[in-house]
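Examining the three-dimensional arrangement
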There are 2 protein chains.
Amino acid sequence: MTKQYYSYENFRDDLKTLTKKIDKPFDVILAVSRGGLTLGHFLGEYYNLREVYAINTIGYDDTRKLDEVKVFNIPDLSHAKSVLIVDDIVDSGDTLIVVLQVLREKFPQAEFHIASLFYKFTARIKPDWYAKEATTWIDFFWVVDLKN
Amino acid sequence: MTKQYYSYENFRDDLKTLTKKIDKPFDVILAVSRGGLTLGHFLGEYYNLREVYAINTIGYDDTRKLDEVKVFNIPDLSHAKSVLIVDDIVDSGDTLIVVLQVLREKFPQAEFHIASLFYKFTARIKPDWYAKEATTWIDFFWVVDLKN
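Please read all numbers here as calculations on a predicted model, not as lab measurements.

Thresholds applied
Residues numbered from 1 in each chain as written. Chains lettered and ligands numbered in written order. Predicted model: local features only at pLDDT ≥ 70, side-chain atom pairs only at ≥ 80, totals over all residues. Heavy atoms only, no water. Core = buried A, V, L, I, M, F, W, Y, C linked by side-chain atoms within 4.5 Å. Buried < 20%, exposed > 50% of the residue type's maximum accessible area, 1.4 Å probe, protein only. Contact = heavy atoms within 4.5 Å. pLDDT = per-residue confidence, 0-100. Pairing = 2+ DSSP bridges. Helix = DSSP H or I, 4+ residues; strand = E, 2+ residues; numbered from the N terminus. Axes fitted to C-alpha atoms, helices over the stretch in contact; angles between N-to-C directions. Phe/Tyr/Trp six-rings, centres within 6.5 Å; stacked < 30°, edge-to-face > 60°. Lys NZ or Arg CZ within 6 Å of the ring centre and 35° of its normal. Least-squares fit on C-alpha atoms with pLDDT ≥ 70 in both. Buried area = accessible area lost by both parts, 1.4 Å probe. Salt bridge = Lys/Arg side-chain N within 4 Å of Asp/Glu carboxyl O. Polar contact = N/O pair within 3.5 Å; in protein donor to acceptor, adjacent residues only side chain to side chain. Nonpolar A, V, L, I, M, F, W, Y, C, P; charged D, E, K, R; others polar. Right-handed = clockwise from strand over helix to strand, strands pointing away.

We now examine the nonpolar core. By size, the foremost hydrophobic cluster in this structure holds 57 residues, and its most contacted members are Phe11(A), Leu15(A), Leu117(A), Phe11(B), Leu15(B) and Leu117(B). With residues up to four places along the chain from it excluded, the contact list for Leu15(A) reads Leu39(A), Phe42(A), Leu43(A), Leu117(A) and Leu146(B).

Put into structure tokens, the structure is as follows:
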């Protein structure tokens, strides 16, 4: 598979694109750890929202069974009206499907939307907003820049 | 107060300095939201730790009373041996003092250490590791880059 280096400058420019696409209000940003943390941080600053939370998941890539994705450290969203879930890439979509399922059951009063930098068109779920289609393996700057 | 723009390149270089200073092992990274999120993300990737969690605080800067810092969305650290708490800057230190207090009470089995990018020498608590002294107001790239 080909690889694509994704620099901070790419990220900054794509984030400007993404914020232009996001056309619904939200009162909480929920970052899927680890991939969504930097994105969540930037969007929290941009929208001046102090409520930037994180959620953790463990997936078992070898089995591809949804019931083997574990979601934990779920923040208290019982006061939230509209939650923007953010992740770096919607690849298979399996993790986000389970995250959504768990959150909707636990917090039926809230709306949930998804924003990501990348979206692979073969994923089982489509983010409400994304910046780019993913066609190669992406080496994000937060993964590789400290190693160089 | 003078201002200093802190770019992504500054951050990347300081993070390389910081990782050279951190000389104790840890099994969990706990980012103080929002300021510590990007730092926590990068360190999680660098140390190949999937356990990158976030914690939230609300402070009341006008009163300066420690008992008015509220800590919430505390992740489950009952399995953790050593936790690295990360934040962008240790300024007054008030927030981190309360965070440490709450965590040590709730998870007495764990050790806690603090790493930050900046440390103001007048703070009431000193991080175990930091990259730079803060002498001016710092405009972090995650705050200003999307607004330009």
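Residues with a pLDDT of 70 or more make up 95% of chain A, whose mean pLDDT is 94. Reported confidences for the modelled complex are a pTM of 0.95 and an ipTM of 0.95.

Residue and element names in this part refer to chain B. With mixed pairing, six strands are arranged side by side in an open sheet as S4-S3-S2-S5-S6-S7. Both outer strands of the open sheet, strand S4 (70-72) and strand S7 (129-133), are each paired with one neighbouring strand and no more. Strand-to-strand twist in this sheet, taken as the mean axis angle between neighbours without regard to direction, amounts to 25°. Packed onto the sheet, helix H2 (residues 37-46) meets strand S2 (28-33), strand S3 (52-58), strand S5 (82-90) and strand S6 (111-119) and runs at close to 165° relative to S2.

Under the criterion given, the structure shown has 39 aromatic pairs over all chains. Both rings, one in Tyr8(A) and one in Phe141(B), keep their centres 5.4 Å apart while their planes meet at 90°; by these two values the pair is edge-to-face. In this pair, Tyr8(A) sits in helix H1 (residues 8-21) while Phe141(B) sits in helix H4 (residues 141-144), so the two residues belong to two different chains. Residue classification places Tyr8(A) among the buried residues on the basis of a relative accessible area of 2%. Under the relative-accessibility criterion, Phe141(B) is labelled buried at 1%. Over the face of the ring belonging to Tyr130(A) we find Lys21(A), whose NZ or CZ atom lies 5.4 Å from the ring centre.

Next up on the list: the environment of Leu43(A). All names here are of chain A. Along the chain, the position of leucine 43 falls in helix H2 (residues 37-46). In this structure the C-alpha to C-alpha distance between leucine 43 and valine 83, which are 40 residues apart in sequence, comes to 13 Å. Leaving out residues up to four positions away in the same chain, leucine 43 has contacts with Leu15, Thr19, Ile29, Leu84 and Val86.

Let's shift gears to the relation of the copies chain A and chain B. Under the fitted operation, chain A is carried onto chain B by 0.0 Å of movement along the axis and a turn of 180°, and the coordinates agree to an RMSD of 0.0 Å. Here the transformation between the copies is reduced to the relation of a two-fold axis. Measuring from the rotation axis to each C-alpha of chain A, the shortest distance belongs to Thr38(A), at 2.3 Å. The share of interface residues of chain A whose copies in chain B are also at the interface is 100%, consistent with both copies meeting through the same surface.

Between chain A and chain B, the residue contacts involve 33 residues of the former and 33 residues of the latter. Looking at the side of chain A facing chain B, the largest losses of area belong to Arg34(A), His41(A) and Leu146(A), adding up to 26% of the total buried there. Between the two partners, chain A and chain B, sit two salt bridges. In this assembly, chain A and chain B are joined by 18 residue pairs in polar contact (both at pLDDT 80 or more). Where the side of chain A that touches chain B is concerned, the elements lending two or more residues are H1, H2, strand S3 (52-58) and helix H4 (141-144) of chain A. Among the elements that take part in the side of chain A that touches chain B, H2(A) stands out by supplying seven residues, more than any other. The residue inventory of the side of chain A that touches chain B, partitioned by class, reads 15 nonpolar, nine polar and nine charged.

Residues and elements named next belong to chain A. In terms of burial, strand S6 (residues 111-119) is a largely internal element, eight of the nine residues being buried. As defined by bridge partners, strand S5 (residues 82-90) adjoins S6 across eight bridges and the pair is classed as parallel. If you follow aspartate 87 over to S6, its bridge partner there is serine 116. Of the crossover connections in this fold, the one passing from S5 over helix H3 (residues 94-106) to the parallel S6 is right-handed. Pairing of S6 with strand S7 (residues 129-133) involves four bridges; the strand directions are parallel. Note that in S7 the partner of phenylalanine 118 across the bridge is lysine 132.

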